[in-house]
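If you want the building blocks of each chain, they are given just below.
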Amino acid sequence: MVDALAIKNLDKQFGALTVASDICFSLPVGARTALIGPNGAGKTTLINMVTGSLKPTRGTIEYFGKDISAEPQSARARAGLLRTFQVTRVFKPLTVVDNIRLAVVQRRGTAMNLFQDLRRADDINQEVFGILTQLELADSAERRVDSLAYGERRLVELALALAGRPKVLLLDEPAAGVPKSESSVIMRAIERLPPDLAILFIEHDMDIVFRFARNIIVLVAGSILVSGTPRDISENKQVREIYFGSRHHAVD
Amino acid sequence: MSAFPKSESNWPFELLIPAVGFALAWVLPDQLGFLTQIATTAILVLALDLVTGYAGIVTLGHAAFFGLGAYAAGLFAIHLVSEPISGLFVGGLAGMLLAIPSGAIVLRARGLSLIMMTIAIAQIVLEIANKSRALTGGDDGLSGIELRPIFGAFAFDIFGQTGFVYSVAVLTLCMFVLRRVMRSPFGLTCEGIREDRMRMSAMGCNVKRHLTAAYALGGFFAGIAGALSAQTVQVVGLHSLSFSTSAEALVMLILGGTGRLWGALIGTLLFMFIHHIAAELDPFRWMFTIGGMLIAVVLIMPGGIVNSLDQIGARLGSKGVRHG
């Protein structure tokens, strides 16, 4: 079966600074792959290149076997290659419902429709409420996003990506900045995502990484240091030295 | 409950426009020309609100579409067909046909460079109109616009009664259409782009194409406003294309509140009345009054009158709920 996403020899240079060098990996259908690495390793840069907001210097990106390297970000998103952002990018003055409607409309490609009354667009609204229920947001549906707690905003962030019916989902620290007590809702939502969806997620919390990931990619200074199953990674000496650092030394 | 109807409400609030319009005409029966001018300007400010308030494109050159619509409708009436309704569409179409290519140019830039380009394009159009004396009358203006009766029944009269009713009707219709557009996928997408382009793009939105469409629609309504002005005043001057027309429209919008259609209307009404009264009291220093008022509104009511009154209303409302 063809991979959902295949990254081949991706390079990115900003002048003399190399932020990605010869990155190769693939996500099979249904992948649960964690992308880890120290700050500044180039994790978000990699997501930016895959989704098309940043143009790589060299390399190709294949989406279900098709080279999409030249496609603009919006076309990739409409095809189901979607992401969330590390720093929440939701539409603050709009209500939760309008946020999700906005995403549904983009996916359907009906943004140019001038006269459809969104409040009475039953098919859109049913879909919106399905997503809100899935993310336990239905009670906040009519509230403006800027009146929500940060944890709920993170859920809206996730909802915006899910409304695009992703086939490949790139999550950039989905629970970043959310207190542990609230992050369980986000984690539950991610656990319940369809099994055939390919997910790549950046995460610093190792408990979350080892709970969700079936595969881990370790990125250091713009290149892949090692990748493998959680067991391989936790047993890898180099990773323990570079990434897990003093904590593991202390235990030893 | 919001103090001003948001675009979500179902009520035909557009009908407030003729209600207020006719009340004003009853109080000020010898000021019909001035009230007509308010109605035409309000359409221009609504068009600007679509572009600036909803889609987030700050422009100081929207008079280009207003003026072009005015000249197009004037020339159409003089040389081709003197039927007014078709003249409105000709004006709107002219505005839109200029907005599409100029939008494609200015929307490549953002922020200050974008504003500068909108000014530049309006200046170019102004200069072309100024130099094409044979066609536009140059700085003498385009005169001799005679119109057939509206629907063949209502002739334009020297007291401006028909012109007033006509312009209120067109404004009401424009408001009716724009309120529906603003609750459509198109309107919501405009607001999304205004808030975060990058996010919209990551959700699959073709941002450039959408902004160009919004700019074109803004050009269409500004063109209708210009055409209405040409038909009711029966003269088109270079002033319709000028920087001050663009700037005043933006001031009216900021005064009333950007991103709210009612803000555009209330800003226009207030600005033009204060301008009118202040200029009558002191023809040389009325600018001080306007300037002072603008500073006061920006300081006391950031976000404009409509948005601030809504916030006050919401605060009172939520207090009421809390206490019982």
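Reading the values: rules and limits
- Sequence order as written defines residue numbering, which begins from 1 separately in each chain.
- To label them, take the chains in the order written and letter them from A, then take the ligands in the order written and number them from 1.
- Reporting of local features is limited, given that this is a predicted model, to residues whose pLDDT is at least 70; pairs of side-chain atoms are given and counted only at 80 or more, and all residues count toward the totals for whole chains, interfaces and linings.
- At least two DSSP bridges between two strands are required for those strands to pair.
- A helix here means a DSSP run of H or I that spans at least four residues, while a strand means a run of E at least two residues long, and both kinds are numbered starting from the N terminus.
- In this description, a residue-residue contact is defined by the distance between C-beta atoms placed from the backbone, which must lie within 7 Å.
- Note on geometry: axes are lines fitted to C-alpha atoms, helical ones only across the stretch in contact, with angles between N-to-C directions running from 0 to 180 degrees.
- Should the near helix be turned anticlockwise from the far one by less than a right angle, the crossing is left-handed, and should it be turned clockwise, the crossing is right-handed.
- Here pLDDT means the predictor's own confidence in every residue, given as a number from 0 to 100.
- In the scheme used here, Gly and all other residues not listed as nonpolar or charged are polar, with Ala, Val, Leu, Ile, Met, Phe, Trp, Tyr, Cys and Pro taken as nonpolar and Asp, Glu, Lys and Arg as charged.
- By convention the nonpolar core is taken to be a set of buried residues drawn from Ala, Val, Leu, Ile, Met, Phe, Trp, Tyr and Cys and joined through C-beta atoms within 7 Å.
- Residues with at least 20 neighbouring C-beta atoms inside 10 Å of their own are called buried, those with 12 or fewer are called exposed, and the rest are partly exposed, where every C-beta is derived from the backbone.

A. Region of interest: the sheet that holds strand β1 (residues 5-14) of chain A. Residue and element names in this part refer to chain A. Ordered by their spatial adjacency, 4 strands build an open sheet running β2-β1-β4-β5, and the pairing between neighbours is antiparallel. The strands lining the two open edges of the sheet, one partner per strand, are β2 (17-27) and β5 (66-67). Pairing analysis gives 2 bridges linking strand β4 (residues 58-63) to β5, with the strands arranged antiparallel. Counterpart to glutamate 62 in the pairing with β5 is aspartate 67. Seen against the sheet, helix α1 (residues 43-51) touches β1, β2 and β4 and runs at an angle of roughly 65° to β2.

B. Summary view of the environment of arginine 165 of chain A. All names here are of chain A. Position of arginine 165 among the secondary structure elements: in the loop between α5 (150-162) and β7 (168-172). Arginine 165 sits 88 residues away from alanine 77 along the chain, and the two C-alpha atoms are 9.4 Å apart. Setting aside residues up to four positions removed in sequence, arginine 165 forms contacts with Gly80 and Arg107.

C. Quick look at the sheet that holds strand β10 (residues 223-228) of chain A. Residue and element names in this part refer to chain A. Here we have 6 strands laid out as an open sheet, ordered β6-β7-β8-β3-β9-β10, and mixed in their pairing. The open sheet has two free edges, formed respectively by β6 (81-83) and β10, since each of these has just one partner strand. For this sheet, the mean angle separating the axes of adjacent strands, direction not counted, is 20°. Here strand β9 (residues 215-220) runs beside β10; their pairing, made up of 5 bridges, is antiparallel. Directly across from isoleucine 216, in β10, lies its bridge partner glycine 228. With respect to the sheet, α1 is in contact with β3 (32-36), β6, β7, β8 (198-202) and β9, its orientation differing from that of β7 by roughly 150°.

D. Structural detail: the packing of helix α8 (residues 185-195) of chain B against helix α10 (residues 207-233) of chain B. Residues and elements named next belong to chain B. Axis separation between α8 and α10 bottoms out at 10 Å; the angle between their running directions is 115°. The handedness of the crossing between α8 and α10 comes out as left-handed. Contacts between α8 and α10 involve Thr189, Cys190 and Ile193 from the first element and Val207, His210, Leu211 and Ala214 from the second.

E. Structural view of the confidence of the model for chain B. Residues and elements named next belong to chain B. Residues of chain B with pLDDT of at least 70 account for 94%, and the chain-wide mean is 91. In the predicted structure, residues 319-324 sits below a pLDDT of 50 and forms 0 contacts with residues beyond four places in sequence or in another chain. Both scores are given for the predicted complex: the pTM is 0.91, the ipTM 0.90.

F. Expanded view of the interface of chain A and chain B. Taken together, the contact pairs 31 residues of chain A with 23 residues of chain B. The set of elements that each furnish at least two residues to the side of chain A that touches chain B consists of α2 (73-78) and α3 (96-108) of chain A. Among the elements that make up the side of chain A that touches chain B, the one with the highest residue count is α3 of chain A (7 residues). Residue composition of the side of chain A that touches chain B, by class: 13 nonpolar, 9 polar and 9 charged.

G. Main features of the packing of α3 of chain A against helix α4 (residues 122-134) of chain A. Residue and element names in this part refer to chain A. Running from N to C, α3 and α4 point in directions that differ by 115°, and their axes come no closer than 9 Å. Considering how the two elements wind past one another, α3 and α4 form a crossing that is right-handed. Mapping the contact onto sequence places Val96, Val97, Ile100, Arg101 and Val104 in α3 and Ile124, Glu127, Val128, Ile131 and Leu132 in α4. Its residues placed into classes, the contact of α3 with α4 shows 8 nonpolar, no polar and 2 charged.

H. Expanded view of the nonpolar core. Core analysis: the largest hydrophobic core is formed by 166 residues, its most contacted members being Ile100 and Ala159 of chain A together with Ile43, Leu46, Ala47, Leu50 and Phe221 of chain B. For this core, the element with the most residues is α10 of chain B, which contributes 15 residues. Leaving out residues up to four positions away in the same chain, isoleucine 100 of chain A has contacts with Val128, Ile131, Leu132, Ala159, Leu160 and Ala163 of chain A.

I. Layout of the pairing of β3 of chain A. Residue and element names in this part refer to chain A. In terms of burial, β3 is largely enclosed, as 4 of its 5 residues are buried. One ladder, built from 4 bridges, connects β3 with β8; its direction is parallel. Paired with threonine 33 across the bridge in β8 is leucine 200. As paired elements, β3 and β9 share 4 bridges and run parallel to each other.

J. α1 of chain A, seen in detail. Most of α1 of chain A sits inside the fold, with 9 of its 9 residues counted as buried. Within the sequence span of α1 of chain A, burial applies to Lys43, Thr44, Thr45, Leu46, Ile47, Asn48, Met49, Val50 and Thr51 of chain A.

K. Spotlight on the confidence of the model for chain A. Per-chain confidence: chain A averages 90 in pLDDT, with 96% of residues scoring 70 or above. Confidence drops under pLDDT 50 across residues 248-252 of chain A; counting only partners more than four residues distant or on other chains, this segment forms 1 contact.

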